[in-house]
Amino acid sequence: MAEPAPASRTDDTPAPARLTVLAGPTAVGKGTVSADIRARYPDIWLSVSATTRPPRPGEIDGVHYLFLSPEEFADMVARGEFLEHAVVHGRHHYGTPRGPVEERLAEGRPVLLEIDLQGARQVRITMPEARFVFLAPPTWEELVRRLVGRGTETPEERERRLATARIEMAAVSEFDHTIVNDDVTRATDELVALIRGEDG
Ligand code: 5GP
């Protein structure tokens with residue numbers, strides 16, 4: 001039958017430079033892997049998300065996030081300036097500004113989004129040709145240990161994040177690839193190979 005070939009996600013598809021979406025539960029180390037990519041692979045462009053969450057110590061506006069007021073965020077939503085956006089952990093708004101991502105992709109530069117599950121699902125609908133990667137902890141106990149050890153959240157916030165993490169862990173099968181973050185350097189290198197299309 002002359003049916004159009006479905007958008008292929010098989011590992012034997014040669015992959016041009018394109019969008020990669022990295023998701024995974026809270027405290028799994030997405031931020032650490034992103035920082036490692038920023039340091040060692042400057043050719044890969046990391047999207048800077050907007051958020052209404054207040055900055056943590058050491059976080060720089062425009063580098064780690066664009067820190068916006070709820071009003072500023074709502075204005076960007078109204079103007080259709082987000083590729084995806086979501087309320088994460090039932091609290092703050094996070095979103096990927098669309099313009100910079102589209103510009104980099106048009107330049108042929110590999111782009112990485114580090115976002116939550118809701119955002120990944122939105123991108124899957126609007127940009128199904130993207131590559132979807134799930135960063136998983138070695139075990140659930142290790143994830144809890146990392147979240148407690150980080151010490152940046154109040155007990156209430158931690159519980160909220162663990163509740164989200166349980167839901168996010170159940171979504172692993174929706175992703176094209178899973179990387180276990182047992183070692184940051186190894187996990188980063190595995191992700192970079194996927195971003196560069198070296199997986200097939
Ligand atoms: P944190 O507050 O710890 O920096 O991030 C909390 C969560 O928000 C993480 O799971 C992170 O992946 C997610 N996140 C960060 N930026 C975005 C974004 O632009 N969109 C969505 N949907 N989630 C994001």
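What comes next is a walk through the structure. (Residues numbered from 1 in each chain as written. Predicted model: local features only at pLDDT ≥ 70, side-chain atom pairs only at ≥ 80, totals over all residues. Heavy atoms only, no water.)

A word on unusual backbone geometry. Its identity is not glycine, yet alanine 27 carries a phi of approximately 65°, on the positive side. Tracing the backbone shows alanine 27 in the loop between strand 1 (19-23) and helix 1 (30-40). For alanine 27, a relative accessible area of 13% translates into the label buried. (Helix = DSSP H or I, 4+ residues; strand = E, 2+ residues; numbered from the N terminus. Buried < 20%, exposed > 50% of the residue type's maximum accessible area, 1.4 Å probe, protein only.)

The next point concerns the site of the ligand. The immediate surroundings of the ligand are formed by 17 residues, with Ser49, Arg53, Tyr65, Tyr94 and Asp116 found nearest. Here arginine 53 contributes a side-chain N or O atom positioned 2.6 Å from an oxygen atom of the ligand. At 3.4 Å from an oxygen atom of the ligand is found a side-chain nitrogen or oxygen belonging to threonine 96. When the ligand is considered free in solution it has 510 Å² of accessible area, and contact with the protein chains removes 94% of it. Looking at the shell around the ligand, the elements that each hand over two or more residues are strand 5 (82-88) and strand 6 (92-97). (Near = heavy atom within 4 Å. Polar contact = N/O pair within 3.5 Å; in protein donor to acceptor, adjacent residues only side chain to side chain. Areas by Shrake-Rupley, 256 points an atom, 1.4 Å probe, with all protein chains shown as cover.)

The next subject is the sheet that holds strand 3 (residues 50-51). The four strands are arranged 4-3-6-5 in an open sheet whose pairing can be described as mixed. For this open sheet the edge positions go to strand 4 (66-67) and strand 5, each flanked by a neighbour on one side alone. Bridge analysis of strand 5 against strand 6 gives six bridges, and the strand direction is antiparallel. In the strand pairing of strand 6, valine 87 is matched with histidine 93. (Pairing = 2+ DSSP bridges.)

Glancing now at the sheet that holds strand 9 (residues 177-180). Backbone hydrogen bonds hold the strands of a sheet together, and the pairing may be parallel or antiparallel. Spatially, 2-7-1-8-9 is the arrangement adopted by the five strands of the open sheet, whose pairing is parallel. Two strands lie at the open edges of the sheet, namely strand 2 (45-46) and strand 9, each paired on one side alone. Against the sheet, helix 1 makes contact with strand 1, strand 2, strand 7 (111-114) and strand 8 (131-136), and its axis sits at roughly 160° relative to strand 7, the strand it touches most. Running at roughly 150° to strand 7, helix 3 (residues 98-106) makes contact with strand 1, strand 2 and strand 7 of the sheet. (Contact = heavy atoms within 4.5 Å. Axes fitted to C-alpha atoms, helices over the stretch in contact; angles between N-to-C directions.)

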